[in-house]
2 protein chains.
Amino acid sequence: MIEEILTLIENKEFVKLRSTLSEMNAPDIAVMFDEIPEEFIIRLFRLLPKELAAESFVEMDADTQEHLIKRFSDKELHDVLDEMFVDDTVDIIEEMPANVVKRILKHTDPQIRSEINKILNYPKDSAGSIMTIEYVDLKAHMTVAEAFDRIRKTGVDKETVYTCYVTDQNRHLIGITTVKDLLLNDYETRIGDMMETNVIYVDTAEDKEEVSNLFGKYDFLAMPVVDKETRLVGIITFDDVIDVIQEEHTEDIEKMAAILPSEKPYLKTSALEIFKNRIPWLMLLMLSSTFTQKIISSFEATLATCVALTAFIPMLMGTGGNSGGQASVTIIRGLSLGEVEMKDILKVLWKEFLVSFFCGIALAVVNFGKMMLVDQGAIIASGQNPILVALVVSLTLLATVVCAKLVGCSLPILVKRLGFDPAVTASPFVTTIVDAISLLIYFVIAMQVLHI
Amino acid sequence: MIEEILTLIENKEFVKLRSTLSEMNAPDIAVMFDEIPEEFIIRLFRLLPKELAAESFVEMDADTQEHLIKRFSDKELHDVLDEMFVDDTVDIIEEMPANVVKRILKHTDPQIRSEINKILNYPKDSAGSIMTIEYVDLKAHMTVAEAFDRIRKTGVDKETVYTCYVTDQNRHLIGITTVKDLLLNDYETRIGDMMETNVIYVDTAEDKEEVSNLFGKYDFLAMPVVDKETRLVGIITFDDVIDVIQEEHTEDIEKMAAILPSEKPYLKTSALEIFKNRIPWLMLLMLSSTFTQKIISSFEATLATCVALTAFIPMLMGTGGNSGGQASVTIIRGLSLGEVEMKDILKVLWKEFLVSFFCGIALAVVNFGKMMLVDQGAIIASGQNPILVALVVSLTLLATVVCAKLVGCSLPILVKRLGFDPAVTASPFVTTIVDAISLLIYFVIAMQVLHI
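This structure is a prediction, so every number in the text was calculated from the model and none was measured. (Residues numbered from 1 in each chain as written. Chains lettered and ligands numbered in written order. Predicted model: local features only at pLDDT ≥ 70, side-chain atom pairs only at ≥ 80, totals over all residues. Heavy atoms only, no water.)

Opposite the 110 residues of chain A that make contact, chain B presents 111 residues. Carbon and sulfur atoms make up 66% of the area that chain A and chain B hide from each other, which totals about 10100 Å². Linking chain A to chain B there are six salt bridges. Across the pair Asp28 of chain B and Lys217 of chain A runs a salt bridge, and its minimum N-O distance is 2.8 Å. On the surface where chain A and chain B come into contact, there are 48 residue pairs in polar contact (both at pLDDT 80 or more). Ranked by residue count, the leading element in the side of chain A that touches chain B is helix α21 (residues 345–381) of chain A, at 15 residues. Here the side of chain A that touches chain B is composed, by residue class, of 63 nonpolar, 24 polar and 23 charged. (Contact = heavy atoms within 4.5 Å. Buried area = accessible area lost by both parts, 1.4 Å probe. Salt bridge = Lys/Arg side-chain N within 4 Å of Asp/Glu carboxyl O. Polar contact = N/O pair within 3.5 Å; in protein donor to acceptor, adjacent residues only side chain to side chain. Helix = DSSP H or I, 4+ residues; strand = E, 2+ residues; numbered from the N terminus. Nonpolar A, V, L, I, M, F, W, Y, C, P; charged D, E, K, R; others polar.)

As structure tokens, then:
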């Protein structure tokens, strides 16, 4: 596709180029713009029909957008901004350097500019920061026919026309209705008589993850956003919510893997930025393993008496880490979906105790068998009783798995209770704690059983 | 809320109960039904208005649904099924035991029954398995006014009326139009003249994760599903896609934490099922750590000469695992969002090499300083030169981090290339490989530098 477009540019077949572009979808055009050589970008953009140009512009990478804005004439910039919805303009402004932002705001209509500034002032990740102001508002005294007139007259500039918001003279939200309901009612019906008055709405300060959970629960097309006096100030549409869900998911996964959240796609992020996002947790976890190191050092005499014990340390710590990670990740996900809550902590602990006991027994039995079959010779060679050593390792395994799962399942709930994001308590964090616990258990059991 | 409802039941205030219920939303009613004592369920259900009853029924837990279906009279079951969309009926059938399924199918209209059977036959996770058949279809020769008539007449039974599908006499999909476009055109305009002919559709066999990516890209309300001859067979709506995205998330996270995917919420899953989902990977990873154990055993002589080295094994393996996990999780997420592809493997390797080099140097320098400050005494006590031991550990750290990140970033891409889900190559899997590599590096460097 890109090849074809580039050939058309080189052969100056602009008529054909324009008609090819007109038949494409905005998201596909945006992907193409992100990949063609820079020198063609502005020329190609000027061939796009006005509306399609703005739609594609919104979908492009921040780099391509910045490149274009810098090259736009004042009129071109004004035209593109005019076609865009306010929430998209805000998204772009948030990615641009200060001088570009200045230029964008200069070419925005004063009224829109003040709305943009309001949205920019809402806290990051709040409902206010992702809403748009282009919604259809109706009055209770209108008839269905009048409502359709209003939609026909103003609908082309609205992000969605399918859910309409009914407000009183003070802009308080008093009801909603849908185009489907309008279509299924008589033209003379009054909006006030048919509207849904039991409206679910969010406050501008609501967290956007909570907003996305509400969308998932109620299957909304759009959700109204109100201020402290329940005056309607904007709406959030389902397409923005899908983006929010994907972003939150990426953030969760990054936190679980001990990475600070990044804002940009991997291939667009510089090695230095990736380094900055990864090194803090690596450093912290490295330094905190000083505990395990100290534990091993203080049992050096025990290890010297039975060198064979050293060989099983990685297996014990690995299994402990994996067991704890399984439990913590399950609970973190349950918390973020709202399936698990603070009040379930005893149920969770009991369930994880059962699971860890089953897992621990299964692993201990298999490990005992394996050690008797495979490692017997090596243990005898180091001067120890293989049955006793296998018993020490298997008992430690059982105790470690139980501890790991109990720590893994309770930490996320406690951390959430303290007001932090439970995602940080996933495997790497749990592993570091469990490593220390499992070593202590190992040495204590070894000293008891082997009398060393 | 539940307290209030239970009090109303006990006081037999059925009129008040009915009016309270009528004002609630279906998802909230469903949550309540899942939590009230079983003996009240059917009595309360019978108080719901017909349409709200069906809407709430769809949102309930499988257990509550099964309980209700078993207690429904034939007429009640028929009424509920009649109000439901086919995709919801299919979802419920998939959760029910065979005898309940039989009863459901018996009370479904023959034509719907044959559609249900078709959908049940599409492969799990395919577009066909999540679609519904209730869409508005129009013909190209209709006018806008005729289209509105059709929507008014048939719309109440359709899952969405906002996107309409234009088919020819052989049911081939030839275009789409939206209610917004219908509203913004004159009543005399012919559908054939205003419809969008460049339609994006999916095949029944398409993977549902791919479908959800298309929704994210194109911001669709609904997506048409066609058979091999591009005949329209159904649609997928955005609300089902939000569910798919959430499910895929949970599945990804579970796979990354070495858990087999579960279908049910955590608190509804028995300890035995959780055990079954977690033990296979735990067992496999435990047995595969036999490699690290063998490596340690074969260097037992080296360790005996310098016992201090043992104490740093957990830190080296932990840091290696965390570094590799960071890289693999980043790439897995990039692959699933389509931001990273097979062809980017060299770019990825180079970027990870840079990142790992920066991380490795930073960690090695800090570790060297820390060992000289904190561990010097212990190392001297064990008869070794502290500078040399710190050098060995720091060099190993650098080499381990570089290896871990290169393994971590390339494994997911290779595994995807082989046709498997890259999510299984997250931390636990990578850690096991990196553990072995880091130990080998450790002992080789130790023998070279310390001459042991």
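Back to the text.
With that settled, the discussion passes to the nonpolar core. Ranked by size, the top nonpolar core spans 160 residues in total, and within it Leu44, Phe45 and Phe57 of chain A together with Leu44, Phe45 and Phe57 of chain B carry the most contacts. Dropping the residues within four chain positions of it, Leu44 of chain A is found in contact with Ile5, Ile9, Leu17, Leu21, Met32, Phe33 and Ile36 of chain A. (Core = buried A, V, L, I, M, F, W, Y, C linked by side-chain atoms within 4.5 Å. Buried < 20%, exposed > 50% of the residue type's maximum accessible area, 1.4 Å probe, protein only.)

Right, let's talk about the relation of the copies chain A and chain B for a bit. The transformation that overlays chain A on chain B combines an axial shift of 0.0 Å with a rotation of 180°, and the residual RMSD is 0.1 Å. Accordingly, the operation relating the two chain copies is best matched by a two-fold axis. Taken together, the interface assignments show that 100% of the residues at the interface of chain A recur at the interface of chain B, consistent with an identical surface on both copies. (Least-squares fit on C-alpha atoms with pLDDT ≥ 70 in both.)

Another point: the sheet that holds strand β4 (residues 202–203) of chain A. To summarise the sheet geometry, strands pair through backbone hydrogen bonds and adopt either a parallel or an antiparallel arrangement. All names here are of chain A. Read across the open sheet, the three strands follow the order β4-β5-β6; overall the sheet is mixed. Because the sheet does not close on itself, it has two edges, and the strands there are β4 and β6 (232–237). With respect to the sheet, helix α15 (residues 208–218) is in contact with β4, β5 (222–226) and β6, its orientation differing from that of β5 by roughly 140°. (Pairing = 2+ DSSP bridges. Axes fitted to C-alpha atoms, helices over the stretch in contact; angles between N-to-C directions.)

Here the focus is the pattern of salt bridges. Oppositely charged side chains can pair when the atoms bearing their charge come close. Residues and elements named next belong to chain A. Throughout the structure, instances matching the rule amount to 44 salt bridges over all chains. Lys343 is the salt-bridge partner of Asp344, the closest N and O atoms lying 3.6 Å from each other. A residue is classified by how much of its surface remains accessible, and Asp344, at 4% relative accessible area, is buried. With a relative accessible area of 65%, Lys343 lands in the exposed category.

Before going further, it helps to spend a moment on helix α9 (residues 98–106) of chain B. Residues and elements named next belong to chain B. For α9, the set of buried residues is Val100, Val101, Ile104 and Leu105. The arc that holds every buried residue of α9, seen down its axis, measures 135°, which confines them to one face. Turned more than 90 degrees away from the buried face of α9, the exposed residues are Asn99, Lys102 and Lys106. Packed against the buried residues of α9 are α6 (62–71), α7 (74–83), α8 (86–95) and α10 (110–121). (Arc of directions from axis to C-beta.)

Attention now goes to unusual backbone geometry. The phi angle of most residues is negative, glycine excepted, and most peptide bonds adopt the trans form. With a phi close to 55°, Asp219 of chain A is a non-glycine residue in the positive phi region. Looking at where Asp219 of chain A falls in the secondary structure, it is placed in the loop between α15 and β5. Of note, the phi angle at Thr230 of chain B is positive, near 50°, even though the residue is not glycine. Looking at where Thr230 of chain B falls in the secondary structure, it is placed in the loop between β5 (222–226) and β6 (232–237). Accessibility expressed as a relative area gives 31% for Thr230 of chain B, which makes it partly exposed.

Now for the confidence of the model for chain A. Chain-level pLDDT for chain A is 89 on average; 100% of the residues reach the 70-or-more range. If you check the scores for this complex, the pTM reads 0.79 and the ipTM reads 0.79. (pLDDT = per-residue confidence, 0-100.)

Relative to the elements of secondary structure, Gln65 of chain B occurs in helix α6. In contact with Gln65 of chain B, not counting residues within four places along its chain, are Phe57, Val58, Met60, Ile92 and Met96 of chain B.

Turning our eyes to something else, we now look at the packing of helix α6 (residues 62–71) of chain A against helix α9 (residues 98–106) of chain A. All names here are of chain A. The N-to-C vectors of α6 and α9 enclose an angle of 60°; their axes lie 11 Å apart at closest approach. Looking at the two axes, α6 sits oblique to α9. In terms of crossing hand, the pair formed by α6 and α9 is left-handed. Facing Glu66, Ile69 and Lys70 of α6, the residues of α9 in contact are Val100, Arg103 and Ile104. Looking at the contact of α6 with α9, its residues break down into three nonpolar, no polar and three charged. (Parallel < 35°, antiparallel > 145°, perpendicular 65-115°, else oblique. Left-handed = near helix turned anticlockwise from the far one by under 90°.)

Bringing the packing of aromatic side chains into the picture now. Under the defined criterion, the tally for this structure stands at 29 aromatic pairs over all chains. Summarising the aromatic geometry, the rings of Tyr218 of chain A and Phe220 of chain A are spaced 5.4 Å apart at their centres and angled 20° between planes, so their arrangement reads as stacked. By the burial criterion, Tyr218 of chain A is buried, and Phe220 of chain A matches it. The residue whose ring lies beneath Arg152 of chain A is Tyr187 of chain B, and the NZ or CZ to ring-centre distance is 4.6 Å. Across from the ring centre of Tyr266 of chain A, 5.5 Å away, lies the NZ or CZ of Lys351 of chain B, which sits over that ring. (Phe/Tyr/Trp six-rings, centres within 6.5 Å; stacked < 30°, edge-to-face > 60°. Lys NZ or Arg CZ within 6 Å of the ring centre and 35° of its normal.)

The next subject is helix α10 (residues 110–121) of chain A. All names here are of chain A. Compared with an ideal rise of 1.5 Å per residue, which puts twelve residues at 16 Å, α10 spans 17 Å between its outermost C-alpha atoms and is within 8% of the ideal. Every buried residue belonging to α10 is among Glu115, Ile116 and Ile119, and all of these are buried. Seen from one end, α10 has its buried residues packed into an arc of 100°, which puts them on one side. Opposite the buried face of α10, at more than 90 degrees from it, the exposed residues are Pro110 and Asn121. Contacts made by the buried residues of α10 are with α8 (86–95), α9 and α11 (127–130). (Expected span 1.5 Å × (residues − 1).)

Turning our eyes to something else, we now look at a nonpolar patch on the surface. A cluster of nonpolar side chains, contributed by Leu272 of chain A together with Trp350, Phe353, Phe357, Phe358, Ile361 and Val365 of chain B, occupies part of the molecular surface with about 650 Å² of accessible area. Counting residues per element, the nonpolar patch draws most heavily on helix α21 (residues 345–381) of chain B, at six residues. When you line up the elements, Phe358 of chain B lands in helix α21. According to the relative accessible area criterion, Phe358 of chain B is partly exposed, its value standing at 30%. (Patch = residues over 30% accessible without salt bridge, like charges linked within 9 Å, V, L, I, M, F, W, Y side chains within 5 Å. Areas by Shrake-Rupley, 256 points an atom, 1.4 Å probe, with all protein chains shown as cover.)

This next bit is on the environment of His172 of chain A. All names here are of chain A. Note on placement: His172 falls in the loop between β2 (163–167) and β3 (173–178). For His172, a relative accessible area of 24% puts it in the partly exposed group. In this structure, the C-alpha to C-alpha distance between His172 and Thr250, residues 78 residues apart in sequence, is 36 Å. In this structure, His172 is in contact with Val166, Thr167, Glu229, Thr230 and Arg231, ignoring residues within four places of it in sequence.

Here we come to the packing of helix α20 (residues 313–336) of chain A against helix α23 (residues 427–450) of chain A. Residue and element names in this part refer to chain A. For the pair α20 and α23, the least separation of the axes is 8 Å and the interaxial angle reads 135°. Looking at the two axes, α20 sits oblique to α23. α20 and α23 meet at a crossing whose hand is right-handed. Within the contact between the two elements, α20 uses Ile313, Leu316, Met317, Gly320, Gly321, Gly324, Gly325, Ser328 and Val329 and α23 uses Ser427, Val430, Thr431, Val434, Asp435, Ser438, Leu439 and Tyr442.

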